[in-house]
Amino acid sequence: MNTIAGTAVGSPQPTTNAQLDQLSINCIRTLSIDAVQQAKSGHPGTPMALAPLVYTLWNRVMRFDPQDPIWPNRDRFVLSNGHASMLLWSVLHLTGTRAVNAEYERLGQPAVSLDDIRRFRQLDSKAPGHPEYHWVSGVEATTGPLGQGIAMSVGMAIAQKWLANRYNRPAFEIFDYNIYAVCGDGCMMEGMGSETASLAGHLALDNLCWIYDNNHITIEGSTRITFTEDIAARFLGYGWNVLRVGDANDIDLIERALGIFRKTKGRPTFIILDSHIGYGSPHRQDTAAAHGEPLGEEEVRLTKRDYGWPENAKFLVPDAVRDHFAAGVGTRGPQARSRWTELFTAYRSAYPKLATEIDLIERRELPAGWDAALPVFPADSKGIAGRDASGKVLNALAQNIPWLLGGSADLGPSNKTTLTFEGAGDFEPGAPGGRNLHFGIREHAMAAIVNGLSLSKLRAFGATFFIFSDYARPAIRLSALMELPTIFVFTHDAMGDGEDGPTHQPVEQLASFRAIPGLVMLRPADANEVVEAYRYIAKLRHKPAALALSRQPLPTLDRSKYAAASGLARGAYVLADAPGSNPEVILIGSGSEVSLCIDAHEELVAEGIRSRVVSMPSWDIFEQQAPEYQDRVLPPGVTARVAVEQASTLGWERYVGRSGRVIGMKTFGASAPLKELQRKFGFEPERITQIAKELLGKTKTS
């Protein structure tokens, strides 16, 4: 199509800032419409409604440098209603945001090209169906499931407060950025939205602004059928500052509301933005049909006519729009970053140690001597609970990694995750330097907030009972998807809390977490394996980890007799072996069942049966080892194998084969003391030796 100065023939040449604003807004809208139409799938209605908001945020308000989208003091933008991803792809393209790789190197190429937008939702396009943190530069969080984005934004706000408290000094405001999250009705209806809004209000996170797209429409129709609460009153009750913008097309009013947010102290801000889904579409505006399907070719033409846009132009980006963004965020952003860089250079001279810490945080690296204080536990037949060992290790690590922080979903005393060393403190309103976070009884929110902390480059952990990991699972899955080095500490890993009964006894959780790609699942066998588990986890930069720890004491194995616990770093290792390292039967266990395997092994060896014990704390890590190592640990020629684990047997067949046996759980547990449960379900050394002998054909027959 013929164009003049990048603007389609027949369109008025923009001459005023107001005309340039509108041209830019309509460019975001039409790019979104065209991308969804070409992909034959997607969600056009919300981008059509919220283009003025996103334009105002990015081109007038946010401190963001498109040339360096990861500079530490940038404002964060989270699109929690991630189905509206074309809003983000459009603005990342129009601002000229540049790409960064996994090693935080600036590549110079566009984060999202126009060709990516043309291939919206197609394989390898940098414009996928929802925002993907690890895939597209300029995306601050992966937001698919509704509510996750706003929840992570709370973690980001906590992180900014903590960073400012530790590193800012008089005349050196190194960290003073804000977090903006756009959300919709789904985010408001999902329970974690309520969980995190409540906590954000309690913590007085005045660096946090949620903008709620109040369009009254969900997939099934008008929100009147399910959602009639007074949303403003709800957020006032949470302790938020609540503002309302009655017209989503009034960019001056939007900017004014955002200005009020930046001046508000002691409360997060909630802006209710009244909008029209599918704005400008003659037949789809304010209907559910505008939400999740293309408009159709004829409706696209009619909508563009309503915008005063060339009706047959596709993926049109007028030069005037690019120039307008370049004159806005493209100028303001680099200036803000340049001022910050100069400030940080002076800060480095004044506070070199603190500046080095910031460098390490930004690269996800560890300080020198981070593991110097890790304990070594002496052999002890009575032993120590996995959770108690974990508490000692966490405290040792946190003293040497100043940016390691976290907490529990109201179970700190039971999880043993409280940081007790001098100066650890609690993160609370007016005390943002504490290392102990209190999440309340909010497991789902906790896991998402931990993700937000990690997205801010802090090393963060969250904790609860293993059975309640089910409440946190969606956020843990996203942690793996985003490749974040988050830490999830789960205690009460099996039947150790016997009398609480099957509601508190995890059965299927281990198998389900092992099924999550990229999540490192660890179940240590004794206190020294707990130490090695944390040593392994601390060095992770792009993978989350989950620990399953015992409530009850586990014998601390004599490492002068058995193999070193450092074998954990390979996922599985030979803990005890047959004379001559020539086993005829292999006993494999994890966690509390390893000591049972050791007892059975000693009995078998005493009877002249060549037994080997393999401690397998992590399937994930073991599967990454070379085949030669795997075969040394589990020789293919030894088919008599017994796996023992107080959990679902699903998956163990890969290690025991068709000839082996698994002692595990095929039902839920029961309410009784632990020893009675072990007897009932067969978790005793005698049962292990019996099955081993059966596999070898060495049992007596009557």
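All residue numbers here refer to positions counted from 1 along the written sequence of the relevant chain. Selection of residues for local features in this predicted model requires a pLDDT of at least 70, selection of side-chain atom pairs for listing and counting requires 80 or more, and totals for whole chains, interfaces and linings are taken over all residues. The basis for every side-chain value is the complete set of non-hydrogen atoms in the structure, without hydrogens or water.

### What about the environment of Asp577?
Part 1: A helix here means a DSSP run of H or I that spans at least four residues, while a strand means a run of E at least two residues long, and both kinds are numbered starting from the N terminus. You can see Asp577 is positioned in the loop between strand 20 (573-576) and strand 21 (585-589).
Part 2: C-alpha separation for the pair Asp577 and Val613, spaced 36 residues apart in sequence, amounts to 6.2 Å.
Part 3: Look past the residues within four positions of Asp577 in its chain and what remains in contact with it is Pro583, His601, Ser611 and Arg612.
Part 4: Pairs of N or O atoms within 3.5 Å make up the polar contacts considered here, provided that, within protein, one atom can donate a hydrogen while the other can accept it, and that residues adjacent in sequence are counted only when both atoms are side-chain atoms. Looking at Asp577, its side chain comes within polar contact range of the side chain of Ser581, at 3.2 Å.
Part 5: Side-chain polar atoms of Asp577 contact the side chain of Arg612, separated by 2.9 Å. In what follows, a contact means two residues having at least one pair of non-hydrogen atoms within 4.5 Å.

### Brief notes about the sheet that holds strand 22 (residues 611-615)
Part 1: Reading across from one edge, 20-22-21-23-24 is the order of the five strands in this open sheet, with mixed pairing throughout. Two strands close off the open sheet at either side, each with one partner strand: strand 20 and strand 24 (661-665). On average, each strand axis in the sheet is tilted by 25° relative to the strand beside it, whichever way the strands run.
Part 2: Pairing analysis gives five bridges linking strand 21 to strand 22, with the strands arranged parallel. Among the inter-strand pairings, Ile586 is bridged to a residue of strand 22, identified as Arg612.
Part 3: Axis lines are fitted through C-alpha atoms, for helices just across the contact stretch, and the angle between N-to-C directions can take any value from 0 to 180 degrees. Seen against the sheet, helix 25 (residues 685-696) touches strand 21, strand 23 (641-648) and strand 24 and runs at an angle of roughly 150° to strand 24. DSSP calls a pair of strands paired once it identifies at least 2 bridges connecting them.

### Some thoughts on the environment of Gly193
Part 1: Along the chain, the position of Gly193 falls in helix 7 (residues 191-202).
Part 2: Considering only alpha carbons, one finds Gly193 and Leu519, 326 residues apart in sequence, at a separation of 25 Å.
Part 3: Ignoring sequence-local partners within four residues, the contact set of Gly193 consists of Ile150, Cys187, Trp210 and Arg234.

### Remarks on helix 17 (residues 469-482)
Part 1: End to end, helix 17 covers 19 Å across 14 residues, agreeing with the expected 20 Å (1.5 Å per residue, within 8%).
Part 2: Consider a residue and the seven residues that end there alongside the seven that start there; fitting an axis to each set, the bend is the angle between those axes. The axis of helix 17 is deflected most strongly, by about 35°, at Ala475.
Part 3: Under the scheme applied here, a residue whose accessible area is under 20% of the maximum for its type counts as buried, over 50% as exposed, and between as partly exposed, the area being computed with a 1.4 Å probe on protein chains only. Among all positions in helix 17, only Ser469, Ala472, Ala475, Ile476, Leu478, Ser479, Ala480 and Met482 are buried.
Part 4: If you follow the buried residues of helix 17, they end up packed against helix 5 (148-167), helix 16 (443-455), strand 15 (459-465), strand 16 (487-491) and helix 18 (509-514).
Part 5: After helix 17 finishes, the residue Glu483 shows a positive phi value of roughly 60°. One less than the number of residues in a helix, times 1.5 Å, gives the span that helix is expected to have.

### Comments concerning the pairing of strand 10 (residues 241-245)
Part 1: By the alternation rule, side chains of strand 10 split into Asn241, Leu243 and Val245, which are all buried, and Val242 and Arg244, of which none is buried.
Part 2: In terms of strand pairing, strand 10 meets strand 11 (residues 269-274) through five bridges, oriented parallel. Looking at the pairing, Arg244 lines up with Ile272 of strand 11.
Part 3: The parallel pair strand 10 and strand 11, bridged by helix 9 (residues 251-263), forms a crossover whose chirality is right-handed. Handedness of a crossover is defined as follows: with both strands directed away from the viewer, a clockwise route from the first strand across the helix to the second makes it right-handed.

### Observations concerning the sheet that holds strand 10
Part 1: Taken in spatial order, the five strands make up an open sheet running 3-6-7-11-10, and their pairing is parallel. A single partner strand is all that each edge strand has here, and the edge strands are strand 3 (76-79) and strand 10. Along the sheet, successive strands turn relative to each other by an average axial angle of 20°, direction set aside.
Part 2: Sitting on the sheet, helix 2 (residues 45-61) touches strand 3, strand 6 (179-183), strand 7 (208-214) and strand 11, and the angle it makes with strand 6 is about 175°.
Part 3: In the packing of helix 8 (residues 231-238) onto the sheet, contacts are made with strand 7, strand 10 and strand 11, and the angle to strand 11 comes to roughly 175°.

### Remarks on the packing of aromatic side chains
Part 1: We call Phe, Tyr and Trp rings a pair once their centres come within 6.5 Å, taking the six-membered ring for Trp, and we label the pair stacked below 30 degrees between planes, edge-to-face above 60, and tilted otherwise. The full count for this structure, using the stated rule, is 29 aromatic pairs.
Part 2: Geometrically, the ring pair formed by Trp340 and Phe344 is stacked, given 5.0 Å between the ring centres and 5° between the ring planes. Of this pair, Trp340 and Phe344 both sit in helix 12 (residues 329-350), four residues apart, which is roughly one turn of the helix.
Part 3: Judged by relative accessible area, which is 8%, Phe344 ranks as buried.
Part 4: Taking NZ or CZ as reference, Arg473 lies 4.4 Å from the ring centre of Phe513, over its face. Lysine NZ or arginine CZ positioned within 6 Å of the ring centre and within 35 degrees of the ring normal marks a charge as sitting over the ring.

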